[in-house]
Amino acid sequence: MSIRWRLTLFHALTMFVVVAVLTAVLIGVIFIVMHLLVEQPARDSANDTAAFIEAGSELDARELERLSEGGIFLIVRDARGRIVTQSDDVPDTIPTRDQSVWQPALETGFPQEGEADGHFIYVVPVIRPDEPLLLVETGKAYTIIDQGGLRLRIAPPGLAGIAAGAALVSILPAILASYLAARRAFTPVNAIVSSVQQISEEDLSQRLPVRSRRDELGRLALTFNDLIARLEVAFAEREQTLAGQRRFVADAGHELRTPLSSILGYTRLLRDWGLQDAEVAEESLAAIEREAARMSELVEEMLDLARGDEGLPLELEPGDVGELVAAAVEATRIAATGNIEISYEPPDAPVVADVDPDRVRQATGILLDNAVKYTPAGGTVTARLRAGEDWIAIAVADTGIGIDAQHLPHIFDRFYRVDSARSHSGSGLGLSIAQQIAEQHGGTISVTSRLGQGSTFTLRLPRSVPVATA
Ligand code: ADP
């Protein structure tokens, strides 16, 4: 059942109960009034008359008239029920014939009361020594309005009927009014429902209309809008991630294609000429090996990035970062072939930090290798380690070719190379990996560079990695 109908029924039922209770109260009040206006005067009149007779006074017409004032009729019967005397205004039909009250009074000798044809009837036996038994019977009509065709009785059965009827009749308008009110109240809800239905995954820019910020529905619409806004952001982020992944796959395919076609070319050369010409065979095999090594390096780098993207946890351990940097410098020095001076400026005091040593060494190695790669013979490469209270910074400065300002914002992008012809040996993934390592540690990587003068890359890491990024 819809809330609208449930509310309607609830209202109608409440209304019904209220009307029923009010009517019951009204009936109660009418009963009291009835008692005061109808029944009590009749009883008083009968008792007064009985006392009058018992006192031995003469019950003449004047006394009868006095005792039956106020719409009361008065009858005095003998022990067989026959009328001895009566007041003027006795209705000629019912009371004279009705035995239902005086008969029991006669039999029991006690006062009795009852109802006959819309009249309250009260009978008191008058018992005197040495005198025949008499019955004083009084009656008064329950009618409170008796005019023209309209006659309103306040007799109990009629009243109960009116009350029940009133309650039943009131329930229909109550249902209708409640239904209309509920429908009106739910109109904005329906508006919200149809607006929400129109909002699709493709178009999350839509918002629900907010009529008032103060009522419940206004707040509901605001909450929805808030939710949609968050969804919009989440979808945009997801779209961005997906686009990034698509680009990565396309770039990776592109990068792998070059060494692969080289390998295929040299294999064909080897098959066609290799057997006759030892020099061609030698050259082809060397080229195949070189290209395969390049592919292997590329695949290794891609796997590194993928592992980082997956969010594999770092293996953090407190250690002397100075030793790490010194080891990376040493490794680069051994691998470097050109005439480049590679030096390390250690900090004044040992720097201990919570880092993943393998990854930090890898990032430092990437920066050092790049510095060597992009610095012509005769240049210098300097690694420095500095530390603050909660951070450490590894800087690698070179006196190399530098990077043009227009490329600076992109050099950390995956597969981005400033000049692909010149840096043929690079994949464009090194700085992306270094940046990923920095971010995994909750740190940053930055660069300052001047074309033709050199570059400085700085890896800045917190001394202890915040839990969320670890
Ligand atoms: P690559 O494998 O090509 O070196 P990286 O991601 O490590 O890829 O670097 C991206 C690009 O940034 C390089 O192609 C190069 O043009 C530029 N670059 C990186 N380091 C330096 C540096 N020390 N001096 C000049 N250019 C650099």
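Preceding this section is the structure that the text describes.
Keep in mind that this is a model prediction, so the values were computed, not measured. (Residues numbered from 1 in each chain as written. Predicted model: local features only at pLDDT ≥ 70, side-chain atom pairs only at ≥ 80, totals over all residues. Heavy atoms only, no water.)

Engineer: So what exactly am I meant to see when it comes to the pairing of strand E9 (residues 341–345) here?
Structural biologist: For a regular strand, side chains alternate in direction, first toward one face of the sheet and then toward the other. Of the two faces of E9, the one holding Ile-342 and Tyr-344 is buried and the one holding Glu-341, Ser-343 and Glu-345 is not buried anywhere. Pairing of E9 with strand E11 (residues 380–387), which is carried by 5 bridges, proceeds in the parallel orientation. Residue pairing across strands places Ile-342 opposite Val-381, the latter belonging to E11. (Buried < 20%, exposed > 50% of the residue type's maximum accessible area, 1.4 Å probe, protein only. Helix = DSSP H or I, 4+ residues; strand = E, 2+ residues; numbered from the N terminus. Pairing = 2+ DSSP bridges.)

Engineer: Which parts of the structure should I look at to understand a negative patch on the surface?
Structural biologist: Residues Glu-65, Glu-69, Asp-88 and Asp-89 make up a contiguous surface patch of negative charge. Look at Glu-69 and you get exposed, because its relative accessible area is 57%. (Patch = residues over 30% accessible without salt bridge, like charges linked within 9 Å, V, L, I, M, F, W, Y side chains within 5 Å. Areas by Shrake-Rupley, 256 points an atom, 1.4 Å probe, with all protein chains shown as cover. Salt bridge = Lys/Arg side-chain N within 4 Å of Asp/Glu carboxyl O. Lys, Arg positive; Asp, Glu negative; His and termini not counted. Charge placed at Lys NZ, Arg CZ, Asp CG, Glu CD.)

Engineer: Looking at this structure, how should I read the sheet that holds E11?
Structural biologist: Either a parallel or an antiparallel arrangement is found when strands of a sheet pair, and the pairing is made through backbone hydrogen bonds. Strand order in this open sheet of 5 strands is E9-E11-E12-E14-E13, and the pairing throughout is mixed. Only two strands of the sheet have a single partner each, and these edge strands are E9 and strand E13 (444–450). On average, each strand axis in the sheet is inclined to that of its neighbour by 15 degrees, with strand direction left out of account. This element, helix H8 (residues 321–335), spans E9, E11 and strand E12 (391–398) of the sheet and lies at about 175 degrees to E9. (Axes fitted to C-alpha atoms, helices over the stretch in contact; angles between N-to-C directions. Contact = heavy atoms within 4.5 Å.)

Engineer: Mind showing me how you'd approach unusual backbone geometry here?
Structural biologist: Negative phi values dominate among residues other than glycine, just as trans dominates among peptide bonds. One non-glycine residue, Asp-130, adopts positive backbone phi at about 60 degrees. In this structure Asp-130 comes out as exposed when scored by relative accessible area, which is 80%. Look at Phe-415: it is not a glycine, yet its phi comes out positive at around 70 degrees. Relative to the helices and strands, Phe-415 resides in the loop between E12 and helix H10 (430–440).

Engineer: Whenever I open this one, the site of the ligand confuses me. Can you help?
Structural biologist: Around the ligand, 20 residues are found, and the nearest of them are Asn-370, Tyr-374, Asp-398, Ser-427 and Leu-431. Leu-431 places a polar main-chain atom, nitrogen or oxygen, 2.8 Å from an oxygen atom of the ligand. The protein chains hide 97% of the 530 Å² of surface that the ligand would expose on its own. Within the residue set of the shell around the ligand, elements represented by two or more residues are helix H9 (357–373), H10 and strand E14 (454–462). It is H9 that contributes the most residues to the shell around the ligand, 3 residues altogether. (Near = heavy atom within 4 Å. Polar contact = N/O pair within 3.5 Å; in protein donor to acceptor, adjacent residues only side chain to side chain.)

Engineer: Please explain a nonpolar patch on the surface as it appears in this structure.
Structural biologist: Residues Val-17, Val-21, Val-25, Val-29, Ile-32, Val-33, Leu-36 and Leu-37 make up a contiguous nonpolar surface patch of about 700 Å² in total accessible area. By the secondary structure assignment, Val-25 is in helix H1 (residues 3–54).

Engineer: Before we go on, may I ask you to explain the nonpolar core in this structure?
Structural biologist: Across soluble globular proteins, nonpolar side chains have a tendency to be buried as a group. Within the largest apolar cluster, 49 residues are counted, with the highest numbers of intra-cluster contacts made by Met-302, Val-321, Val-381, Ile-411, Phe-457 and Leu-459. At 7 residues, H9 tops the list of elements feeding residues into this core. Both of domain 2 (198–312) and domain 3 (314–462) provide at least three residues apiece to this core. If we ignore the near neighbours within four places in the chain, the residues touching Ile-411 are Ile-403, Tyr-416, Val-418, Leu-431, Val-447 and Phe-457. (Core = buried A, V, L, I, M, F, W, Y, C linked by side-chain atoms within 4.5 Å. Domains from an automatic or database assignment.)

Engineer: Even after reading the chapter, I still don't get the pairing of strand E1 (residues 72–78), so can you show me in this structure?
Structural biologist: Along E1, 7 of the 7 residues are buried, which leaves the element largely enclosed by surrounding structure. Of the two faces of E1, the one lined by Ile-72, Leu-74, Val-76 and Asp-78 and the one lined by Phe-73, Ile-75 and Arg-77 are each fully buried. When E1 meets strand E5 (residues 134–141), the two strands line up antiparallel, connected through 7 bridges. If you follow Leu-74 over to E5, its bridge partner there is Thr-138. Two strands pair when backbone bridges link them, and E1 and strand E2 (residues 83–86) are joined in this way by 3 bridges, in the antiparallel orientation.

Engineer: Help me understand the packing of helix H7 (residues 278–310) against H10 in this model?
Structural biologist: What describes two packed helices is the angle between their axes and the distance between those same axes. Their axes nearest at 10 Å, the elements H7 and H10 cross at an angle of 25 degrees. Here H10 runs roughly parallel to H7, going by the angle between their axes. Handedness of the H7/H10 crossing: left-handed. Between H7, through Glu-301, Asp-304, Leu-305, Gly-308 and Asp-309, and H10, the contact on the second element is made entirely by Gly-430, Ser-432, Ile-433, Gln-436 and Gln-440. By residue class, the composition of the contact of H7 with H10 is 2 nonpolar, 5 polar and 3 charged. (Parallel < 35°, antiparallel > 145°, perpendicular 65-115°, else oblique. Left-handed = near helix turned anticlockwise from the far one by under 90°. Nonpolar A, V, L, I, M, F, W, Y, C, P; charged D, E, K, R; others polar.)

Engineer: Help me out: how do you make sense of the packing of aromatic side chains in this one?
Structural biologist: The description of two aromatic rings rests on the distance between their centres and on the angle between their planes. All told, the structure shown has 3 aromatic pairs when counted by the stated rule. An angle of 35 degrees between the planes, with centres 4.7 Å apart, marks the rings of Trp-5 and Tyr-179 as tilted. Taken together, the residues span a long stretch of sequence, with Trp-5 in helix H1 and Tyr-179 in helix H5 (residues 156–198) at a distance of 174 residues. Classification of Trp-5 by relative accessible area gives partly exposed; the value is 39%. Plain terms: the ring middles of Phe-248 and Phe-415 are 5.3 Å apart, the flat faces sit at 35 degrees to each other, and that makes the pair tilted. Residue Phe-248 is found in helix H6 (residues 216–274), and its partner Phe-415 is found in the loop between E12 and H10; the two are separated by 167 residues along the sequence. (Phe/Tyr/Trp six-rings, centres within 6.5 Å; stacked < 30°, edge-to-face > 60°.)

Engineer: I'm lost on the packing of H8 against H9 in this one. Help?
Structural biologist: Contact geometry of H8 with H9 gives a least axis separation of 9 Å together with a crossing angle of 40 degrees. In terms of orientation, H8 and H9 fall into the oblique class. In the crossing of H8 with H9, the sense of the turn from one axis to the other is right-handed. Of H9, the residues touching H8 (which contributes Leu-324, Val-325, Ala-327, Ala-328, Val-329 and Thr-332) are Pro-357, Val-360, Arg-361, Thr-364, Gly-365, Leu-368, Asp-369 and Val-372.

Engineer: Could you clarify how one ought to interpret the pattern of salt bridges in this entry?
Structural biologist: A side chain of one charge can pair with a side chain of the opposite charge when the charged atoms of the two come close. The full count for this structure, using the stated rule, is 18 salt bridges. For Glu-131, the salt bridge goes to Arg-128, with nearest N and O atoms at 3.9 Å. By relative accessible area, Glu-131 is classed as partly exposed at 43%. The salt bridge partner of Asp-226 is Arg-230, with a shortest N-O separation of 3.8 Å. Residue Asp-226 and its partner Arg-230 are both found in helix H6; the two are separated by 4 residues, about one turn of the helix. Assessed through its relative accessible area of 45%, Asp-226 is described here as partly exposed.

Scope: geometric values only; no functional claims are made or implied.
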